[in-house]
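Chain residues, written in single-letter form:
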Amino acid sequence: MRALVLEKQRSLSLRDIDLPLEMGPRDVKIQIDTVGICGSDVHYYTHGRIGAFAVNAPMVLGHEAAGVVVDVGAEVKTLRAGDRVCMEPGVPDLASRASRLGLYNVDPNVTFWATPPIHGCLTAYVIHPEAFTYKLPDNVSFAEGALVEPFAIGMQAAAKAKIAPGDVAVVIGAGTIGIMTALAALAGGCARVIVSDLVQEKLDIVGRYSGVTIVNSRKENLAAQVSKMTSGWGADLVFEASGSAKAYEGIFDLVRPGGAVVLVGMPVDPVNFDVVGAQVKEARIETIFRYANVHARAIELIASGKVDLKPLVSATFPFEKSIEAIERAASGRPSDVKLQIKIPHGSSKS
């Protein structure tokens, strides 16, 4: 099948590649329609690795996808050919101890699209388990369906925060995940979300949403602004979504006594952490890694209209311009949030 293949660091090609299409009794075959470009796709392209996961062999990119079911296994009960769907790209061992605890996202044996050595979904067809394939309501587009995966990260963060109605939150970082976290926090009951970033163009995008207050931390002191907006008390919740080591400097100055700090972004290197700053406020610290058991609720929020992700699609590229799309994502245009690739029918020989 024709696919977007990362051959090695800084080397991409659109070419035919042998991909598994054998369908088990509880699998579905999906014709891919739309795929979003994630920061991890870009990082594998630019650096050839993320931590211990190294691209040592050609790998198909892409894990944020929506498409149409074209065939189902003999034991599939909830889906049928013609259903429009999005997919959760991580497949755990459902018999593992982590999965049985409901923590399948941290199952050590999880296989995740476009994480070496597992191929991604930037191709015409994929085989995927029914259990991790979700039917899209009629009023949710393929583009929105492909945004469910990054929105699920925001949903996981909001769930771990244990939001109470009327909470005030801070989100550090206005990239895709920061914006998704802010929207999930508002949907989860926050009255206000203060979003900070160094890039005004990013802030202008998230600032269009009702309930969001923006702070350009290049020009203003975030802690001073949060103190001012909360009458000196601090925010109930602080989400660190930038992945920047600098964000940890004074992070506990932002949170109220007894509040929570949720670590969403993933720093490249270890960071300095003010343990005493957390202790003197008895701040609760939560971490997230991907998501678990949130995709269905994410789809419900999008379908209800309570969360509008459509403005976050900055550009859509045809499949034949996939390399151009990755290169644009790697260039880091400040006005870009999410770039997507549309795969036309007939782009494969299979």
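Use the structure listed above.
What you see is a predicted model, and the numbers here were worked out from it, not measured in a lab.

A. Layout of the pairing of strand E20 (residues 338-342). Here E20 lies mainly inside the structure; four of its five residues are buried. When strand E3 (residues 27-36) meets E20, the two strands line up antiparallel, connected through three bridges. Across the sheet, residue Gly-36 finds its bridge partner in E20, namely Gln-340. Note: strand E19 (residues 313-318) against E20, five bridges, orientation parallel. Among the inter-strand pairings, Phe-317 is bridged to a residue of E20, identified as Ile-341. Crossover connection from E19 via helix H10 (residues 322-331) to parallel E20: handedness right-handed.

B. Quick peek at the packing of helix H1 (residues 39-47) against H10. At their nearest, the axes of H1 and H10 sit 10 Å apart, and the two run at 90° to each other. As summarised for this structure, H1 and H10 are arranged roughly perpendicular, according to the angle between their axes. Residue-level inspection shows Val-42, Tyr-45 and Thr-46 of H1 in contact with H10, the latter providing Ile-326, Glu-327, Ala-329 and Ala-330. Its residues placed into classes, the contact of H1 with H10 shows five nonpolar, one polar and one charged.

C. View of the sheet that holds strand E1 (residues 2-8). Strand order in the open sheet formed by three strands is E2-E1-E6, with antiparallel pairing between adjacent strands. Two strands in the sheet have a free side with no partner beyond their single neighbour: strand E2 (11-16) and strand E6 (59-60). Bridge analysis of E1 against E2 gives six bridges, and the strand direction is antiparallel. Its bridge partner lying in E2, Lys-8 is registered against Ser-11.

D. Representation of the sheet that holds strand E14 (residues 192-197). Taken in spatial order, the six strands of this open sheet run E15-E14-E13-E16-E17-E18, and their pairing is parallel. Two strands lie at the open edges of the sheet, namely strand E15 (212-216) and strand E18 (284-287), each paired on one side alone. Adjacent strand axes in the sheet meet at a mean angle of 20°, parallel and antiparallel pairs treated alike. Two elements, strand E13 (residues 168-172) and strand E16 (residues 235-240), share four bridges in a ladder whose sense is parallel. Paired with Ala-169 across the bridge in E16 is Leu-237. Packing against the sheet, helix H7 (residues 222-229) makes contact with E13, E14, E15 and E16, and its axis sits at approximately 165° to E14.

The rules behind each value
Residues numbered from 1 in each chain as written. Predicted model: local features only at pLDDT ≥ 70, side-chain atom pairs only at ≥ 80, totals over all residues. Heavy atoms only, no water. Buried < 20%, exposed > 50% of the residue type's maximum accessible area, 1.4 Å probe, protein only. Helix = DSSP H or I, 4+ residues; strand = E, 2+ residues; numbered from the N terminus. Pairing = 2+ DSSP bridges. Right-handed = clockwise from strand over helix to strand, strands pointing away. Axes fitted to C-alpha atoms, helices over the stretch in contact; angles between N-to-C directions. Parallel < 35°, antiparallel > 145°, perpendicular 65-115°, else oblique. Contact = heavy atoms within 4.5 Å. Nonpolar A, V, L, I, M, F, W, Y, C, P; charged D, E, K, R; others polar.

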